[in-house]
Amino acid sequence: MSPVASPTIGTQFGGLTFFARSHPGELCGSNGLPLTPNSITIFGRAQFLKTINHPYLCSYLDIIRGKHERTVVVSEYHSRTVNSGLFSIDEIVKIAYQTLQALSYLNDLGIVHRCLCPENIVLTEEGNIQLFNYGLYYMTGGGADVSFPIGHPKYIAPEVYLSGRSTKSGPKMDIWSLGMIILELALRRHLWSDLKLAQCMRKVLSLLHIKVSVLERLVREHGCWEQCQELPPEIRDFISKCLSVSPCERPSPQQLLEHELFKDLKKDEVAAEEMQYQIFPGFHSRRKPVSKSVKHPLLERSLQELYYLWHLAGGDVQTELKKQGLIRSKAPILSIPNLVLLEGTIFGQVRDQTSMLDLRVVPLHLDTLYQRLVHMPLTSYYPLIETKSEIIEKEVEEPSEAASLPLVIRERDTEYQFHRVVLYDRLIKGYPYKKAAVLKEARKDIPPLYRGNIWAALLEVDGDVEGTYVAVDKETPTHTDRQIEVDIPRCHQYDELLSSCEGHRKFKRVLKAWVVSHPQYVYWQGLDSLCAPFLYLNFSNEAQAFACLSAFIPKYLHNFFLKDNSAVIQEYLAKFSHLIAFHDPALANHLAGISFIPELFAIPWFLTMFSHVFPLHKIFHLWDKLLLGDASFPLYVGLAILHQLRDTLLASGFNECILLFSDLPEIDMERCVTDSIELYCSTPRSVTYRQHELQASPSTDTDRNTAELEMSPVPVAELQAEICPRISAADMLELIHMKKPKAVTVDIRTLEEYNRGTVPGSIHIPWPSTSAPDLSALQANKGRIIVIVGAHTSHSAQFGKHLVQNGLSRVCCLHRGIQGLRSSDILIVPGAM
């Protein structure tokens, strides 16, 4: 199908910037750590704004923390404002009604606009309004984190000037602003247009002492009394109520929505909803309606997708702001102060004019993205997730060439990410019914935009997640609070999101919720590191972060957080040692020779699933594959890391190894993941069997003979005494019965026992023996798994140790020895072979 035409609607984003207030000097908080910069506090708090979705509010898309306390805000934007034209009375009523709906919604979320002015009421292509820049007051903590006042002087309510900056504004402040805006629209003129800032403030304050209504005072002052009298009485009453001097007498947005002025609009709205309900029963949504005039399918994508792809296509917000002069560079030497005291006080530093407040909005056009995707056929926008027709399957687009490129390149390829994002959007909306398809696609890769939701799907997070989280008591003090508060400021604090005050609060709530909801466990250091990736990806959805953490721990860290977890960890480390010996006997022998055991370096790896060891961007790529595997996969990740460090380890002594792991060198994560998968696929499942692993429910039709072929619990002391791993009889039989056998059995029993019955094709090497055994037959079977069969497992373990010390790889012992095969009917008399 041919590519679609260029879009007909100029969808765009808007960018603006401001500076946060700097802390005076080098101050520290109560915990002795430096105070969090206000720009980071703003950054963390503003993430909530990105979750707001309402038809009459511009969506926030990104918050960027720049240099020197700069904050850049990107949101949906339309160039037309209510200042850009003349409106009829009906249109003005519609503007007031939609603005009140938006303000009421914001108030329900605990947000006050405070910046309401004509420039911040933009008009969409459909003729509806959207409030712009409504989050500035909220993200700056009521203005406490910036050094400039928030709000347009002419539209600010008088009580704001009287209360000062320390008093937070309430919802009724926006009602005053709305009254002033509607009055200007109705009179078709700007009030006090020629006054300077100080004069404008005095005019607003003078309204506190008048004896007539504010409406009458304003219209008479501007010579518009007769024009005002011609307005419908409902509009005059509405404006008068909005401009009540006393906040107590001023109605709230919800109360004003019931005003007589909107009775016709409400009737039309009810009629439209009823009609829509008849067409789509059960339909109810606050999502923004899709314009009927949209012709380009790209514009049907969500704004978050468009912004994500715009970035990949070369879009850069800060570059655009620099082009418009909102960001200007300055030679560092010009910013040096004349004097700096020891405690950090600065003197003689001239304030840079570029750091002053400038709330100009820079439009960010999507032309670059359109041109990048102009060749995309229509079928790319509507991928088929189920194809049952051969004709349709032939028309499905061939895989992108980028699919074979490294993951880092794929994540930056605009066309490739476009295909992946569109596909995953459909799959996520179809979850849990499309769980199998999500799993299939996740094996290829996971787009960063939807990583949080895809991880939740892979962990089978479903149901009333929000209700479950809300029901958990996260406020009552517990004995773990102190330890949590100590750990959080040290967990991935290089990341601006997790280091913010809001990030710390969310961290504490999610961790407390997990501890409270799992009374059988205790808080161990490392739980915060496990929580970090989930919280980062679900920063504005704590419930999903908690649900993911709660699903992740039983799957990969079952019983790791018991009060006495020594047996669990010791078994895990023993299996890790066995795995090293199985795949790399030379490395295992060297580490054993210098007494560098896994307890010295691997506990933080497995207790945190490597989230304490690697930065977040590497953890994301690692866990993308980890979540596809079972509880044994982390063992192979650890082995893959050792493989990358192998040459250094073999050339190092004990002290050098300690230093190496105290500051781990750079690890190629894509290679690590690839090696882990290869090692996992080439190792029998029973080799990593653990009794403390979360076991699947046993099948009801499992008979006794089948159970004897499987693994059974082994005491930790026995595992620690052994060098090579054990393999189940079921896995051994599967390997030797393949068309091309992947295993060779070595029978080490005495000749008499061997002649009574052995495994077909086995090599007989009696052990222990008076002379050194001939290993040439085993060395000839290079690449095949060597399974040692003995009368007792202890004898097999001793022989396995001998083989490992002689450099033979892929050596394992048959669990239960020859007794484990008695029920299999495989044993034959050697002479009959």
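What you see is a predicted model, and the numbers here were worked out from it, not measured in a lab.

**Comments concerning the overall build of the protein chain**
The helix and strand tally for the protein chain stands at 39 helices and 13 strands. In the protein chain, which comprises 833 residues, the share counted as buried stands at 50%. Entry remark: accessible area of the protein chain is about 40,200 Å², with carbon and sulfur atoms responsible for 53%.

**Focus on the sheet that holds strand 8 (residues 358–365)**
Here we have four strands laid out as an open sheet, ordered 2-3-1-8, and antiparallel in their pairing. What marks the edges here is a single partner per strand, and that holds for strand 2 (60–65) and strand 8. Averaged over all pairs of adjacent strands, the angle between strand axes in this sheet comes to 20 degrees, irrespective of strand direction. Contacts from helix 1 (residues 38–46) reach strand 1 (12–19), strand 2 and strand 3 (70–77) within the one sheet, and its direction differs from that of strand 2 by about 160 degrees. Relative to the sheet, helix 12 (residues 303–312) contacts strand 1, strand 2, strand 3 and strand 8, its axis offset from that of strand 2 by approximately 45 degrees.

**Details of the side chain of lysine 512**
The topology assignment puts lysine 512 in helix 23 (residues 501–517). When its relative accessible area of 3% is taken as the criterion, lysine 512 is described as buried. Those residues in contact with lysine 512 that sit more than four places away from it in its chain are Lys474, Glu475, Thr476, Pro477, Thr478, Asp481 and Ile484.

**Regarding a negative patch on the surface**
On the surface, a cluster of negative charge is made up of Asp90, Glu91, Glu234, Asp264 and Asp268. For the negative patch, the secondary structure elements donating two or more residues are helix 2 (89–108) and helix 11 (263–279). Examined against the element boundaries, glutamate 234 turns out to sit in helix 9 (residues 233–242). With a relative accessible area of 30%, glutamate 234 lands in the partly exposed category.

**Thoughts on the packing of helix 23 against helix 24 (residues 527–537)**
Contact geometry for helix 23 and helix 24: axes closest at 10 Å, N-to-C directions at 115 degrees. Where helix 23 crosses over helix 24, the two elements pack in a sense that is right-handed. Between helix 23 and helix 24, the contacting residues are Gly503, Lys506, Phe507, Val510, Leu511, Trp514 and Val515 on the first element and Leu527, Asp528, Cys531, Ala532 and Leu535 on the second. Considering only residue class, the contact of helix 23 with helix 24 consists of nine nonpolar, one polar and two charged.

**What about the sheet that holds strand 12 (residues 785–789)?**
Here five strands make up an open sheet; going across it, the order is 9-13-12-10-11 and the pairing parallel. Each end of this open sheet is capped by a strand with a single partner; those strands are strand 9 (726–727) and strand 11 (763–764). Inspection of the sheet shows strand 12 paired to strand 13 (residues 811–814) by three bridges, in the parallel sense. Bridge pairing in strand 13 places isoleucine 788 opposite cysteine 813.

**Things to note about a nonpolar patch on the surface**
Together, Ile597, Leu600, Phe654 and Ile658 make up an exposed nonpolar region whose accessible area comes to about 310 Å². Residue position: leucine 600 is located in the loop between helix 27 (585–593) and helix 28 (603–607).

**Some details on the packing of aromatic side chains**
Each pair of aromatic rings is reported with the distance of its centres and the angle of its planes. Following the criterion strictly, the structure yields 38 aromatic pairs and no others. The interplanar angle of 70 degrees and the centroid separation of 5.0 Å between the aromatic rings of tyrosine 381 and phenylalanine 418 together place this pair among those described as edge-to-face. Here tyrosine 381, found in helix 15 (residues 378–381), pairs with phenylalanine 418, found in helix 18 (residues 414–429); they are 37 residues apart in sequence, far enough to count as distant. Relative accessible area serves as the criterion here: at 1%, phenylalanine 418 is assigned to the buried category. When the centroid spacing of 4.6 Å and the interplanar angle of 25 degrees are considered together, the rings of phenylalanine 601 and phenylalanine 661 count as stacked. Here phenylalanine 601, found in the loop between helix 27 and helix 28, pairs with phenylalanine 661, found in helix 32 (residues 654–662); they are 60 residues apart in sequence, far enough to count as distant.

**As for the nonpolar core**
In terms of nonpolar packing, the biggest core is built from 227 residues, with Phe238 and Phe552 touching the most fellow members. The element contributing the most residues to this core is helix 5 (residues 172–187), with eleven residues. With residues up to four places along the chain from it excluded, the contact list for phenylalanine 238 reads Ala96, Leu100, Leu178, Ile182, Leu256, His259, Leu261 and Phe262. Grouped together as the second largest cluster of nonpolar side chains are 18 residues, Leu709, Ile736, Val789 and Leu821 included.

**Observations concerning the environment of leucine 427**
Take leucine 427: it is sitting in helix 18. When the C-alpha positions of leucine 427 and alanine 437 are compared, they lie 7.1 Å apart, and in sequence the two are ten residues distant. Once you skip the residues sitting within four places of it in the chain, leucine 427 turns out to touch Ile385, Lys434, Ala437, Val438 and Glu441.

**Considering helix 19 (residues 435–442)**
Among the residues making up helix 19, those that are buried are Val438, Glu441 and Ala442. Viewed along the axis of helix 19, the buried residues span an arc of 100 degrees, placing them on a single side of the element. For helix 19, exposure combined with an orientation more than 90 degrees from the buried face picks out Ala436 and Lys440. Among the structural elements, helix 18, helix 20 (451–458) and helix 29 (616–626) are those in contact with the buried residues of helix 19.

**Remarks on the confidence of the model for the protein chain**
Per-residue confidence for the protein chain averages 88 on the pLDDT scale, and 89% of its residues sit at or above 70. Under a pLDDT of 50 for its full length, residues 282–288 has, in the predicted model, 17 contacts with residues more than four places off or in other chains.

**Section: the environment of glutamate 722**
You can see glutamate 722 is positioned in the loop between helix 35 (716–721) and strand 9. In this view, glutamate 722 contacts His578, Thr793 and Ala797; residues no more than four positions away in its chain are not counted. For glutamate 722, the side chain forms a polar contact with the side chain of arginine 726, separated by 2.6 Å.

**Considerations on the pattern of salt bridges**
Summed over all chains, the structure comprises 40 salt bridges. With its nearest N and O atoms 2.6 Å apart, the salt bridge here joins glutamate 441 to arginine 420. Here the residue glutamate 441 occupies a position in helix 19, and arginine 420 occupies one in helix 18, the gap between them amounting to 21 residues. For the pair glutamate 441 and arginine 420, one class covers both residues: buried. Residue lysine 618 pairs with glutamate 666 through a salt bridge whose shortest N-O separation is 2.4 Å. Taken together, the residues lysine 618 in helix 29 and glutamate 666 in the loop between helix 32 and helix 33 (669–681) connect sequence positions 48 residues apart. Glutamate 666 sits in the exposed class, given a relative accessible area of 68%.

**Things to note about the pairing of strand 10 (residues 743–747)**
Of all five residues making up strand 10, five are buried, and the element is well covered by its neighbours. Taking every second residue as pointing to the same face, both faces of strand 10 are buried, with Ala743, Thr745 and Asp747 on one and Val744 and Val746 on the other. With five bridges joining them, strand 10 and strand 12 adopt parallel strand pairing. Looking at the pairing, valine 746 lines up with isoleucine 788 of strand 12. Direction of pairing for strand 10 relative to strand 11: parallel, over a ladder of two bridges. By the bridge assignment, aspartate 747 is partnered in strand 11 with histidine 764.

**A closer look at the pairing of strand 13**
Two elements, strand 9 and strand 13, share two bridges in a ladder whose sense is parallel. Looking across to strand 13, one finds that isoleucine 727 is bridged to leucine 814. In this region the chain leaves strand 12, passes through helix 39 (residues 793–805) and returns to the parallel neighbour strand 13; the handedness of that crossover is right-handed.

What counts as what
Residues numbered from 1 in each chain as written. Predicted model: local features only at pLDDT ≥ 70, side-chain atom pairs only at ≥ 80, totals over all residues. Heavy atoms only, no water. Helix = DSSP H or I, 4+ residues; strand = E, 2+ residues; numbered from the N terminus. Buried < 20%, exposed > 50% of the residue type's maximum accessible area, 1.4 Å probe, protein only. Areas by Shrake-Rupley, 256 points an atom, 1.4 Å probe, with all protein chains shown as cover. Pairing = 2+ DSSP bridges. Axes fitted to C-alpha atoms, helices over the stretch in contact; angles between N-to-C directions. Contact = heavy atoms within 4.5 Å. Patch = residues over 30% accessible without salt bridge, like charges linked within 9 Å, V, L, I, M, F, W, Y side chains within 5 Å. Salt bridge = Lys/Arg side-chain N within 4 Å of Asp/Glu carboxyl O. Lys, Arg positive; Asp, Glu negative; His and termini not counted. Charge placed at Lys NZ, Arg CZ, Asp CG, Glu CD. Left-handed = near helix turned anticlockwise from the far one by under 90°. Nonpolar A, V, L, I, M, F, W, Y, C, P; charged D, E, K, R; others polar. Phe/Tyr/Trp six-rings, centres within 6.5 Å; stacked < 30°, edge-to-face > 60°. Core = buried A, V, L, I, M, F, W, Y, C linked by side-chain atoms within 4.5 Å. Arc of directions from axis to C-beta. pLDDT = per-residue confidence, 0-100. Polar contact = N/O pair within 3.5 Å; in protein donor to acceptor, adjacent residues only side chain to side chain. Right-handed = clockwise from strand over helix to strand, strands pointing away.

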